[in-house]
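Structural overview for review
Take a look at the letters that make up each chain.
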Amino acid sequence: MRKNAIRLSINMLFVALGTLVCLTPLTSFAQSAAEIMQENFVVTKVTDSESESTFILRNKAGKERVRKTFGTTKLKKNGIDNMRMTRFIEPTDVRGMVSLLIEQSEKDDDIWLYLPSMKKVRRLVSSNKRDSFVGTDFSYGDVIGHKVQDWEHLIVGEELIDGFECYVIESTPKNKTIAKNTGYSKRVSWIQKEAYVTRKADMYNLSGALYKQMSFKDLQLVEPEKNRWTARELRATNVISGHSTIVKVDKLKVNVGVKTSYFTTRYICLLYTSPSP
């Protein structure tokens, strides 16, 4: 009888401990992963901007191609959707090429590409988001941004990156269509605490293998009242092919009154006769 009582007490102790473990989280965070990613989604979206950038494309052997661009951005009235136009100025083989990316919160984003050799604007579909952004190691999806609501997010740890404390957040697509359109089965982002900027990101292909690694350097607070930041150097490396892209923002002006009319296909077509910024 006494043995049964002892055995019962021990069992009850294990149950109590098990319940305590289940009810006590290993780590608690003030914000959820989705809330952090939502802050991150808007943190680089300034009111409007003009910029001049240098793209350095480097293959596995170290051979480089250099491109010069002129870009403009403007935030829509909803404060979430961004419009971005990038004009390629140099060298001659890409001169006159223009990309127009317009975010749409409630539907598919608009992606347009003007090809001077064809003298026409081509509209890309959602599945093109996985394609290379004009020959770089960034995809159209990387440039326009991945909608927070399309992914499941989980805080998997914390880590110091370049001396800054960061959340490590794992994002997986909510369905097969999102995975197919982006080309990613998983994204891991290192998001700086309080500032919410991305310091580093890893992308995994549909086979689950590490595909691309990105880093964002020389981050500058350009609209303090809105906590809006800009990376003056962006890097993306295809770890499978060994090809990499470095984007250096040489000149940047924010809040310059960029016109909404710039972000139309009609304006793009007019640019062909005036290729200089």
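The paragraphs below set out a description of the structure included in this document. (Residues numbered from 1 in each chain as written. Predicted model: local features only at pLDDT ≥ 70, side-chain atom pairs only at ≥ 80, totals over all residues. Heavy atoms only, no water.)

1. Thoughts on the side chain of asparagine 238
- Assignment of secondary structure puts asparagine 238 in strand 12 (residues 228–238).
- In this structure asparagine 238 comes out as buried when scored by relative accessible area, which is 11%.
- Engagement of the side chain of asparagine 238 in a polar contact is seen with the backbone nitrogen of serine 241, the distance being 2.9 Å.
- With residues near it in sequence (within four places) discarded, asparagine 238 still touches Asp137, Tyr211, Lys212 and His243. (Helix = DSSP H or I, 4+ residues; strand = E, 2+ residues; numbered from the N terminus. Buried < 20%, exposed > 50% of the residue type's maximum accessible area, 1.4 Å probe, protein only. Polar contact = N/O pair within 3.5 Å; in protein donor to acceptor, adjacent residues only side chain to side chain. Contact = heavy atoms within 4.5 Å.)

2. Overview of the nonpolar core
- Within the largest apolar cluster, 41 residues are counted, with the highest numbers of intra-cluster contacts made by Ile36, Met97, Phe133, Val134, Tyr140, Ile169 and Met214.
- With five residues, the single largest contributor to this core is helix 2 (residues 33–42).
- Non-local contacts of methionine 214, meaning those with residues more than four positions away in its chain, are made with Phe138, Asp142, Tyr184, Lys200, Ala201, Met203, Arg235 and Ala236.
- Within the second largest apolar cluster, twelve residues are counted, among which are Val98, Leu100, Tyr114 and Val121. (Core = buried A, V, L, I, M, F, W, Y, C linked by side-chain atoms within 4.5 Å.)

3. Looking at the layout of surface pockets
- The calculated volume of the largest pocket comes to roughly 220 Å³.
- Take the lining of the largest pocket: its biggest share by element is four residues, from helix 4 (residues 176–182).
- In terms of residue class, the lining of the largest pocket is built from two nonpolar, eight polar and seven charged. (1 Å grid on protein atoms, 1.4 Å probe; cavity = no way out; pocket = protein on both sides within 12 Å on 5 of 7 lines; lining within 4 Å. Points joined across faces, edges and corners; volume = space filled by probe spheres on them. Nonpolar A, V, L, I, M, F, W, Y, C, P; charged D, E, K, R; others polar.)

4. Regarding the side chain of glutamate 223
- Here glutamate 223 shows up in strand 11 (residues 210–223).
- In this structure glutamate 223 is buried but unpaired, with lysine 226 as the nearest side chain of opposite charge at 4.2 Å.
- A distance of 3.0 Å separates a polar atom in the side chain of glutamate 223 from a polar atom in the side chain of asparagine 255. (Lys, Arg positive; Asp, Glu negative; His and termini not counted. Salt bridge = Lys/Arg side-chain N within 4 Å of Asp/Glu carboxyl O.)

5. Comments concerning empty space enclosed by the protein
- Summed over the entire model, instances satisfying the criterion amount to two cavities of 30 Å³ or more.
- Of the pockets and cavities examined, the largest cavity occupies roughly 1200 Å³.
- Residue lining of the largest cavity: 46 residues in total, with Thr44, Arg84, Asp142, Val143 and Leu234 positioned closest to the centre.
- Here the lining of the largest cavity is composed, by residue class, of 24 nonpolar, 17 polar and five charged.

6. Remarks on the packing of aromatic side chains
- Per the stated rule, a full pass over the model turns up five aromatic pairs.
- Considering the side-chain rings of tyrosine 184 and tyrosine 211, the 6.4 Å spacing of their centres and the 55 degrees angle between planes classify their relative orientation as tilted. With tyrosine 184 in the loop between helix 4 and strand 9 (186–192) and tyrosine 211 in strand 11, the pair connects residues that are 27 residues apart, well separated along the chain.
- Feature note: the residues Phe55, Phe88, Phe133 and Tyr140 constitute an aromatic cluster, connected by ring pairs.
- The ring centre of phenylalanine 164 lies 3.8 Å from the NZ or CZ of arginine 199, which sits over that ring.
- Over the face of the ring belonging to tryptophan 190 we find lysine 200, whose NZ or CZ atom lies 4.4 Å from the ring centre. (Phe/Tyr/Trp six-rings, centres within 6.5 Å; stacked < 30°, edge-to-face > 60°. Lys NZ or Arg CZ within 6 Å of the ring centre and 35° of its normal.)

7. Some remarks on the environment of asparagine 82
- Examined against the element boundaries, asparagine 82 turns out to sit in strand 3 (residues 82–90).
- For asparagine 82, a relative accessible area of 6% puts it in the buried group.
- The sequence separation of asparagine 82 and glycine 145 amounts to 63 residues, and the corresponding C-alpha distance is 9.5 Å.

8. Some details on unusual backbone geometry
- The peptide bond linking glutamate 90 to proline 91 adopts the cis configuration, its omega dihedral lying at -5 degrees.
- Its place among the elements puts proline 91 in the loop between strand 3 and strand 4 (98–102).
- Positive phi, close to 50 degrees, is recorded for valine 134, a residue that is not glycine.
- With respect to the helices, strands and loops of the structure, valine 134 is situated in the loop between strand 6 (120–124) and helix 3 (140–144).
- The phi torsion at tyrosine 196 lies on the positive side, around 70 degrees, for a residue other than glycine.
- For tyrosine 196, the position within the fold is in the loop between strand 9 and strand 10 (198–204).

Function-wise, these values are silent; they only describe arrangement.
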